[in-house]
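These are the residues of each chain, in order.
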Amino acid sequence: MSSNNWNLDPAPESTAQIQLKPKYELFIDGSWQKPHSKKYFDSLNPANESILAQIAHANQKDVDMAVSSARRAYRDVWSKMSGAQRGKYLFRIARLMQEKSRELAVLETLDGGKPIRESRDVDIPLACNHFFYYAGWADKLNEAFAGQKPSSIGVAAQITPWNFPLLMLAWKIAPALACGNTVVLKPAETTSLTALKFAEICQEAGLPNGVVNIVTGFGDTGALLVAHPDVDKIAFTGSTAVGKYIQKACIGTAKKLTLELGGKSANIILEDAQIDQAVEGIINAIFFNQGHVCCAGSRLFVQESIAQQVVEKLKFRLQSIYIGDPLDKNTDIGAINSKKQLETIEKYIALGISEGASIFQPECRMPTKGYYCKPTLFTDVAQSARIAQEEIFGPVLTIQTFRTMEEVVQKANNSPYGLAAGIWTAKGARIFGMGKQLHAGVVWANTYNKFDPSSPFGGYKESGYGREGGRHGLSAYLQFNT
Ligand code: NAI
Ligand code: MG
């Protein structure tokens with residue numbers, strides 16, 4: 001079966017409830033302020049290259065104002081408020097997000113290109129749950145860290161990427177506020193719209209002015225925020241290159257830093273695994289969401305005895321995958337987030353071929369406008385190949401085989417990254433035995449890409465440091481006075 005044979009009627013989610021302004025200013029001190037730069041840039045819909053809105057580009061003066069606003073709100077209001085009171089605001093924000101979840105999901109899909117199924121069923125519910133979860137901790141910090149006398153840090157600068165715009169905002173803002181800090185957040189330039197909607201939600205929730213400030217712009221705006229002397233804490237999610245730059249920029253300062261960077265995560269299929277379940281899990285781990293997932297299972301290791309069978313099943317499954325309009329409820333693979341990212345992925349696909357790997361792409365109908373990439377499998381991949389070592393951040397899977405447990409652990413750990421891993425096996429002992437040996441922040445067993453606000457997430461090695469989520473996620477926004 002090929003997706004050319006799919007004759008599904010289009011089932012697009014309605015955009016009727018979306019209320020977009022043609023132009024967005026900066027959200028500073030509780031109100032919308034024109035940028036001193038007087039500059040704006042376009043946010044595109046990557047599915048059809050149409051312009052969704054114009055967005056302000058913050059400069060030094062704007063960043064200064066946002067940080068001062070966060071400082072004032074911290075000093076005069078937020079740090080003095082009881083945890084129970086802060087919790088009430090967070091619960092209110094969570095409920096408002098939930099009420100507007102449909103609008104937020106459609107907006108996330110329009111601005112970023114991810115399938116509506118993902119934003120509706122994964123991103124937005126998880127983002128709401130993070131606020132509910134951390135709202136519950138706000139008045140229990142002393143119990144969470146008994147005897148350690150936790151207190152807030154101050155002003156947090158938070159920089160987020162384009163792959164999970166609202167979810168990454170929630171991972172950062174919810175614990176920061178619960179712990180009594182105020183924030184200045186800079187969303188990614190291609191996906192700022194849900195953060196700007198979130199600013200409206202803060203207004204509607206009556207959050208005191210300046211507790212949350214949103215400054216939009218490119219890397220230059222992010223760098224100004226990182227360099228600002230009145231910032232106490234920086235939380236960054238994005239590329240390893242920018243993470244290293246931020247790390248250098250913080251040397252010799254008292255700023256606290258957490259980094260969540262890239263990955264090249266191993267998904268390991270043992271011969272005793274439920275094959276059909278594993279094949280679906282492999283597809284989910286790398287192809288849904290266009291591979292725009294930092295913990296994507298982008299390196300597949302299959303035990304030699306079942307390799308041929310798994311590869312055949314994967315190819316067969318890819319023939320029926322549905323690529324197209326991200327707003328369509330049937331879509332499995334939506335649009336690549338930007339032209340720049342599509343070019344990066346295409347460069348890696350060409351590199352894989354020139355490195356001697358064998359390529360497979362399904363025959364499928366592709367939209368004529370917008371940024372799209374076919375799901376791509378590479379077999380005959382050498383361990384040293386760049387496509388097996390470097391983060392591609394697209395729907396590209398490298399497949400390697402192994403014979404023994406020792407061999408696969410060694411291969412899986414042979415990576416500069418250590419964010420996540422997956423193990424597929426029927427034997428619990430293998431899950432625990434291998435799980436302990438894998439250098440990865442998260443190890444999933446017989447599933448992949450499962451998240452919960454109560455469980456911490458973060459990496460080893462060049463995947464960064466610090467944890468987000470759970471009780472661990474609170475400690476990144478606290479100092480201890482024992
Ligand atoms: P990026 O790291 O440049 O962008 C992430 C955020 O950092 C954006 O908000 C951006 O404006 C900001 N930023 C850029 N330069 C900065 C600087 N000098 N100082 C402070 N902030 C700065 O990532 P990009 O270019 O969008 O993607 C490149 C690659 O990064 C991808 O191909 C992928 O491999 C990886 N990536 C990893 C992510 C993850 O979740 N770990 C998310 C997004 C990208
Ligand atoms: Mg966009």
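Draft legend 1. Structural view of helix α2 (residues 83-99). Spanning 17 residues, α2 covers 24 Å between terminal C-alpha atoms, matching the ideal 24 Å at 1.5 Å per step. Those residues of α2 hidden inside the fold are in contact with α1 (60-78), α3 (101-112), α4 (116-137), α5 (141-144), α6 (165-178) and α7 (193-204).

Draft legend 2. Examining the domain arrangement of the chain more closely. What the domain assignment lists for the chain is domain 1 (23-261 + 463-480) and domain 2 (266-453). For domain 1 and domain 2, the distance between their C-alpha centroids amounts to 30 Å. With 35 residues of domain 1 in contact, the opposing surface of domain 2 contributes 32 residues. Both sides together, the interface formed by domain 1 and domain 2 hides about 2700 Å², and carbon and sulfur atoms give 58% of it. If you sort the residues of domain 1 by the area they bury against domain 2, R117, W162 and S463 come out on top, with a joint share of 21%. There are 13 residue pairs in polar contact (both at pLDDT 80 or more) connecting domain 1 and domain 2. At nine residues, the largest contribution of residues to the side of domain 1 that touches domain 2 is made by α4. Residues belonging to the side of domain 1 that touches domain 2 are distributed by class as follows: 14 nonpolar, 13 polar and eight charged.

Draft legend 3. Representation of the packing of helix α14 (residues 405-413) against helix α15 (residues 428-437) within the structure. The contact between α14 and α15 brings their axes to 10 Å, and the two run at 40°. Crossing of α14 over α15 shows right-handed handedness. Taken together, the residues of α15 that come into contact with α14 (itself represented by M405, V408, V409 and N413) are R430, M434 and Q437. A breakdown of the residues in the contact of α14 with α15 according to their chemical character gives four nonpolar, two polar and one charged.

Draft legend 4. Region of interest: the nonpolar core. One finds M97, F131, F198, V212 and L314 to be the most contacted residues of the largest nonpolar core, which totals 110 residues. The element contributing the most residues to this core is α6, with 11 residues. When residues of this core are assigned to domains, at least three fall in each of domain 1 (23-261 + 463-480) and domain 2 (266-453). Leaving out residues up to four positions away in the same chain, F131 has contacts with L90, I93, A94, M97, L169, A170, I173, A174 and F198. Within the second largest apolar cluster, 23 residues are counted, among which are L26, A58, V231 and F236.

Draft legend 5. Local environment of the coordination of the magnesium ion (ligand 2). For the magnesium ion (ligand 2), the full set of protein donor atoms is L44 (O), D111 (O), D111 (OD) and T190 (O), at a range of 2.2 to 2.4 Å. All donors of the magnesium ion (ligand 2) come from a single chain, and their spacing in sequence reads L-x66-D-x78-T. Within this pair, whereas D111 is found in helix α3, its partner T190 is found in the loop between β8 (182-186) and α7, the two being separated by 79 residues in sequence. Owing to a relative accessible area of 2%, D111 belongs among the buried residues under this scheme.

How each quantity is defined
Residues numbered from 1 in each chain as written. Chains lettered and ligands numbered in written order. Predicted model: local features only at pLDDT ≥ 70, side-chain atom pairs only at ≥ 80, totals over all residues. Heavy atoms only, no water. Helix = DSSP H or I, 4+ residues; strand = E, 2+ residues; numbered from the N terminus. Expected span 1.5 Å × (residues − 1). Contact = heavy atoms within 4.5 Å. Domains from an automatic or database assignment. Buried area = accessible area lost by both parts, 1.4 Å probe. Polar contact = N/O pair within 3.5 Å; in protein donor to acceptor, adjacent residues only side chain to side chain. Nonpolar A, V, L, I, M, F, W, Y, C, P; charged D, E, K, R; others polar. Axes fitted to C-alpha atoms, helices over the stretch in contact; angles between N-to-C directions. Left-handed = near helix turned anticlockwise from the far one by under 90°. Core = buried A, V, L, I, M, F, W, Y, C linked by side-chain atoms within 4.5 Å. Buried < 20%, exposed > 50% of the residue type's maximum accessible area, 1.4 Å probe, protein only. Donors = N, O, S within 2.8 Å, 3.2 Å for Na, K, Ca; no water.

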